[in-house]
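Residue-level structural notes
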Amino acid sequence: MFIQTEATPNPATLKFIPGRTVLDGGTMEFANREAATRSPLAERLFGVSGVTSVFYGTDFVTVTKDDSDWQHLKPAILGAIMEHYMSGAPLLADGSAGNDEAADEEDEFFNEADAETVATIKDLIETRVRPAVANDGGDITFRGFKDGVVYLNMKGSCAGCPSSTATLQHGIQNLLKHFVPDVVEVRPM
């Protein structure tokens, strides 16, 4: 098994590409060791000293570290991913093929009068923003819309990335303002 690695814009995060499907669709984030109990692979990765977050995309695993050195962490992370896939264990402990999208949608907030605007915002995020962000090992999801402000949740390599503010304000905000005149600002949540 050959696992590729790619740098991300976040120096504390690396993208690992195992050459097979990780999630059938959507994304999953494990922000701490307790959340990782849902997934045998995430548990293995949190077993590597220095790992602070794990994120799954359709064909990649993004791992975020503390101030440890990648030179020491990378071999242990590669080993954990390889062991998981060689063991034949399911990705999720309950054997499901779930993702975080249903939970994300439950927490959304916006006024029903803005439903059409929100649908346009979500479509732009889905078709223009998320594919680009996935290339960098992360994800951005819609959280809410209120008083012209779009609230987004940044996951994977995007969470805590030094360039995330620029991405939000110059990239995503400009895109949304161009296509949706009601948008005045974009903020992380």
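What you see is a predicted model; the values in this text were computed from it and never measured.

This brings us to the packing of aromatic side chains. Across all of its chains, the model carries four aromatic pairs by this definition. Ring geometry for Phe-55 and Phe-60: centres 6.1 Å apart, planes at 35°, overall tilted. Residue Phe-55 is classed as buried on the basis of its relative accessible area, which comes to 1%. On the accessibility criterion, Phe-60 (4% relative accessible area) is buried. Judged by centre distance (5.4 Å) and plane angle (50°), the ring pair of Phe-109 and Tyr-151 falls under tilted. Within this pair, whereas Phe-109 is found in strand 6 (residues 109-110), its partner Tyr-151 is found in strand 8 (residues 149-156), the two being separated by 42 residues in sequence. Judged by relative accessible area, Phe-109 falls into the partly exposed class, the value being 29%.

Before going further, it helps to examine the environment of Glu-43. Mapped onto the elements of the fold, Glu-43 is located in helix 1 (residues 40-46). For the pair Glu-43 and Ala-80, spaced 37 residues apart in sequence, the C-alpha separation works out to 9.5 Å. When sequence neighbours within four positions are dropped, the list of residues in contact with Glu-43 reads Ala-36 and Thr-37.

This part takes up helix 2 (residues 70-87). Side chains of residues three or four places apart in an α-helix project in the same direction, reflecting 3.6 residues per turn. Between its first and last C-alpha, helix 2 extends 25 Å over 18 residues, near the 26 Å set by a 1.5 Å rise per residue. Three or more residues of helix 2 are buried, namely Trp-70, Leu-73, Ile-77, Ala-80, Ile-81, His-84 and Tyr-85. Here the buried residues of helix 2 occupy an arc of 125° about the axis, which is enough to place them on one side. For helix 2, the exposed residues lying more than 90 degrees away from the buried face are Gln-71, His-72 and Met-86. Packed against the buried residues of helix 2 are strand 2 (13-17), helix 1, strand 4 (51-56) and strand 5 (61-65). The N-cap of helix 2, judged by a side-chain oxygen 3.1 Å from the amide nitrogen of Gln-71 a few residues on, is Asp-69.

For the rest of this paragraph, the subject is the sheet that holds strand 2. Read from one edge to the other, the open sheet built from five strands follows the order 1-2-5-4-3, with strand pairing classed as antiparallel. The strands lining the two open edges of the sheet, one partner per strand, are strand 1 (4-7) and strand 3 (28-30). Direction aside, the axes of adjacent strands within the sheet are offset by 20° on average. Pairing of strand 3 with strand 4 involves three bridges; the strand directions are antiparallel. Counted as the bridge partner of Phe-30 is Val-54 from strand 4. Across the sheet, helix 2 lies against strand 1, strand 2, strand 4 and strand 5, angled at about 30° from strand 2, the strand it touches most.

Our next topic: the sheet that holds strand 7 (residues 138-146). Pairing between the strands of a sheet comes from backbone hydrogen bonds, and it takes one of two forms, parallel or antiparallel. If you walk across this open sheet you meet the four strands as 6-7-8-9, and the pairing is mixed. Each having just a single partner strand, strand 6 and strand 9 (185-188) make up the two edges of the open sheet. In terms of strand pairing, strand 6 meets strand 7 through two bridges, oriented parallel. Within strand 7, the residue paired with Phe-109 across the bridge is Gly-144. Each of strand 6, strand 7 and strand 8 touches helix 4 (residues 115-135); the most contacted strand, strand 7, lies at about 165° to it.

Calculation criteria
- Residues numbered from 1 in each chain as written.
- Predicted model: local features only at pLDDT ≥ 70, side-chain atom pairs only at ≥ 80, totals over all residues.
- Heavy atoms only, no water.
- Phe/Tyr/Trp six-rings, centres within 6.5 Å; stacked < 30°, edge-to-face > 60°.
- Buried < 20%, exposed > 50% of the residue type's maximum accessible area, 1.4 Å probe, protein only.
- Helix = DSSP H or I, 4+ residues; strand = E, 2+ residues; numbered from the N terminus.
- Contact = heavy atoms within 4.5 Å.
- Expected span 1.5 Å × (residues − 1).
- Arc of directions from axis to C-beta.
- Polar contact = N/O pair within 3.5 Å; in protein donor to acceptor, adjacent residues only side chain to side chain.
- Pairing = 2+ DSSP bridges.
- Axes fitted to C-alpha atoms, helices over the stretch in contact; angles between N-to-C directions.

Spatial relationships are all this shows, so hold off on functional conclusions.
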